[in-house]
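So you can see what is in the structure, the chains are spelled out below.
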Amino acid sequence: MTALDEEILSLLRFAAENSVMPRWQNLAESEIEEKAKGDLVTVVDREVEEFLTEALTKLAPGVAVVGEEAAAANPAVLERLSDACWIIDPVDGTHNYAHGRTPFGIIVALADGGETIGGWIYDPVNQRFCHARRNEGAFVNGERIASTATGENMPIAAISKLFITPDQVKWVEEHIEPHFRLVEIPRCAAEQYPRLALGENDISSFNRTLPWDHAAGVLWLNEAGGKATRYDGGSYRVDEHARPGLLAASSPALWDDYRKLIEPLVGKAP
């Protein structure tokens, strides 16, 4: 690992050991709020984001910080995404975390000019550290990895029916299920991207493409040899967070196979 990787791992471990894990399955109801319908935030989200914001600012003075909770409180923070900036998801998978379940993780990305140049994803429960730098490969706990498909005769697609319309559910049942075995999503990007590269899932698609959820994972999966892009094949940019639709696969070939299936409904299909 580079010195920067080691420094960020140290920060993520500190946050996990001192904030995330001691409060997991130990939150009072008053420590969980609903920012919007179905969108939770906990005192730990805010505590970790505050810690990482201060630490990363000291690490790289002059580089802006875009945190999920800061952006929720003040949308003007999102204007920083086109410049050099750190992007923080202090507890990815907050819904799971708030209900005392796994998976959840901490995500940090570094972007410049709207493009991700570094990504770090930490699983506090399993102490798995996924990291990547642009054009330098993808790593898990310091070891370089290559994305691996499941190898199943019917590839596995993580597509949730909970977050799509009835018409989309019908479309999935008619057009996707005959070709892919559907499994439920983990509701945690910090887990979904590793599942794609480490042989557990083959495909996943996302409607919301918020930078704190996807900046690090997209870079990491692409550096591992998988493929994560917009449905039209265009690159994911962190400053296009309002643009829906992202398709990720364990290999370019599987990406192509799934993309052909959804061709008739690109922009509408899950």
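A brief structural summary.

Rules of the game
- Residues numbered from 1 in each chain as written.
- Predicted model: local features only at pLDDT ≥ 70, side-chain atom pairs only at ≥ 80, totals over all residues.
- Heavy atoms only, no water.
- Phe/Tyr/Trp six-rings, centres within 6.5 Å; stacked < 30°, edge-to-face > 60°.
- Helix = DSSP H or I, 4+ residues; strand = E, 2+ residues; numbered from the N terminus.
- Buried < 20%, exposed > 50% of the residue type's maximum accessible area, 1.4 Å probe, protein only.
- Lys NZ or Arg CZ within 6 Å of the ring centre and 35° of its normal.
- Expected span 1.5 Å × (residues − 1).
- Bend = angle between axes of the 7 residues up to and from the residue.
- Contact = heavy atoms within 4.5 Å.
- Pairing = 2+ DSSP bridges.

## Examining the packing of aromatic side chains
Phase 1: According to the stated counting rule, one finds six aromatic pairs in the structure shown.
Phase 2: Ring centres of W86 and W120 lie 6.1 Å apart, and the angle between their planes is 45 degrees; this geometry places the pair in the tilted category. Remark: W120 occurs in strand β6 (residues 115–123) and W86 occurs in strand β4 (residues 85–92); sequence separation between them is 34 residues.
Phase 3: A relative accessible area of 0% places W120 in the buried class.
Phase 4: By way of ring pairs, the aromatic residues W24, Y97 and F104 are connected into one cluster.
Phase 5: If you follow K227 out to its NZ or CZ, it ends over the ring of W255, 3.8 Å from the centre.

## A word on helix α1 (residues 3–23)
Phase 1: Given a rise of 1.5 Å per residue, 21 residues ought to cover 30 Å, and the 30 Å separating the end C-alpha atoms of α1 matches this to within 8%.
Phase 2: The largest bend in α1 is about 45 degrees, located at A16.
Phase 3: Every buried residue of α1 is listed here: D5, I8, L9, L11, L12, A15, A16, S19 and V20.
Phase 4: Of the surrounding secondary structure, the elements contacted by the buried residues of α1 are α2 (43–59), β4, α4 (94–98), β5 (105–112), β6 and β7 (128–133).
Phase 5: Two residues or fewer past α1, Q25 is found with a positive phi of approximately 65 degrees.

## Overview of the pairing of β7
Phase 1: Among the six residues that make up β7, five are buried, leaving the element largely enclosed by the rest of the structure.
Phase 2: Bridge analysis of β6 against β7 gives six bridges, and the strand direction is antiparallel. Each residue of the ladder has a partner; that of W120, found in β7, is H131.
Phase 3: In sequence, β6 turns back onto β7 through a hairpin of four residues, with Q127 there showing a positive phi of about 55 degrees.
Phase 4: Looking at chain direction, β7 and strand β8 (residues 138–140) are connected through three bridges and run antiparallel. Opposite A132, over in β8, you have A138 as the bridge partner.
Phase 5: Counted along the chain from β7 to the antiparallel partner β8, the turn is four residues long, and its residue N135 has a positive phi close to 70 degrees.

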